[in-house]
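Notes for the structure review
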Amino acid sequence: MNALRTRGYTGLAVALLAVTALVLPVTSPSGQDVSAKDSHPASAVTTHSDEKQHQQDSVRREVAKRFQNAVIMLHAREYDYAVTALHRVLELAPRMPEAYVNMGFALLGLGQPGAARDFFRGAIDLRPLQANAYWGLAVSLEALCDNAGAIGAMRSYIHLTTADDPYLPRARAAVWEWEAGPDGDQTQTGISTVAVTACSSGGDVR
């Protein structure tokens, strides 16, 4: 098998942010709705409604700010800071699949493919058509020496992404190489050199 380029999933985590959807409108965290009784004066109803709207707006602003900070940290390869920011995002918006995806890439950058896998799966559970979550899942499964799972996830990415996606050729090349196995003669794909080295030597990356 030809030698792969020395480009592991750490660099890929940043590169894949190009296909990560940035801040989208998110649902405010669930909480007790403030409902006014009929006996309340109109001013009280308006005050309660205004307070609730203000709180929701404040949450949305913080989610957007923290999410953007996490993206900046990911591009800077400051993965610990990205994880901290994304933890706060998920506290405020626990059903935001983009936050799960970026947390997965941050954890890949920290060399934690098992935890990354769980976040990518979480994103897919929330939004089954979140294409880049399947890419991240494929990379994390490859790092965990699960080539069959990686192939399945990458095929899902190929199916869901658009024809003009710049990462599509790399995704197809990865599937081709994984299907050939360690004895194949495919050229490098630049997916996860670390995983290939560990798995081919009998290791199990955690």
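Okay, so let's go over this structure.

In this section: unusual backbone geometry. At R77, a position not held by glycine, the phi torsion is positive, near 60 degrees. With respect to the helices and strands, R77 occurs in the loop between α2 (42–75) and α3 (79–92). Unusually for a residue other than glycine, C145 sits at a positive phi of about 70 degrees. Relative to the helices and strands, C145 is located in the loop between α6 (131–143) and α7 (147–160).

Applying the stated criterion across every chain yields a total of 7 salt bridges. Taking the shortest distance from any N to any O, the salt bridge between R60 and D57 comes out at 3.4 Å. Note that R60 and D57 are positioned in helix α2 at a spacing of 3 residues, about one turn of the helix. With a relative accessible area of 34%, R60 lands in the partly exposed category. With relative accessibility at 28%, the residue D57 sits in the partly exposed group. In this structure, the salt-bridge partner of E179 is R155, at a minimum N-O distance of 2.1 Å. Of this pair, E179 sits in helix α8 (residues 168–180) while R155 sits in helix α7, placing them 24 residues apart in sequence.

Turning our eyes to something else, we now look at the nonpolar core. Note on soluble globular proteins: their nonpolar side chains tend to be buried together. M154 and Y157 are the most contacted members of the largest nonpolar core, which has 46 residues in total. Where this core is concerned, the elements lending two or more residues are α2, α3, α4 (97–109), α5 (113–126), α6, α7 and α8. The contacts of M154, once residues within four sequence positions are left out, are Y134, W135, A138, A171, A174, V175 and W178.

The next point concerns the environment of A70. Relative to the assigned elements, A70 resides in helix α2. On the basis of relative accessibility, which here comes to 0%, the residue A70 falls in the buried class. Taking C-alpha positions, A70 is 8.1 Å from T84, a pair spaced 14 residues apart along the chain. What A70 contacts, discounting residues up to four positions off in sequence, is A82, A85 and L86.

Another point: the packing of α3 against α4. Where α3 meets α4, the closest approach of the two axes is 9 Å, and the angle between their N-to-C directions is 155 degrees. Taken together, the axes of α3 and α4 lie roughly antiparallel to each other. Crossing of α3 over α4 shows left-handed handedness. Residues Y79, A82, V83, L86, H87, V89 and L90 of α3 touch α4, and the partners they reach there are A99, Y100, N102, M103, A106, L107 and G109.

Cut-offs used in this document
- Residues numbered from 1 in each chain as written.
- Predicted model: local features only at pLDDT ≥ 70, side-chain atom pairs only at ≥ 80, totals over all residues.
- Heavy atoms only, no water.
- Helix = DSSP H or I, 4+ residues; strand = E, 2+ residues; numbered from the N terminus.
- Salt bridge = Lys/Arg side-chain N within 4 Å of Asp/Glu carboxyl O.
- Buried < 20%, exposed > 50% of the residue type's maximum accessible area, 1.4 Å probe, protein only.
- Core = buried A, V, L, I, M, F, W, Y, C linked by side-chain atoms within 4.5 Å.
- Contact = heavy atoms within 4.5 Å.
- Axes fitted to C-alpha atoms, helices over the stretch in contact; angles between N-to-C directions.
- Parallel < 35°, antiparallel > 145°, perpendicular 65-115°, else oblique.
- Left-handed = near helix turned anticlockwise from the far one by under 90°.

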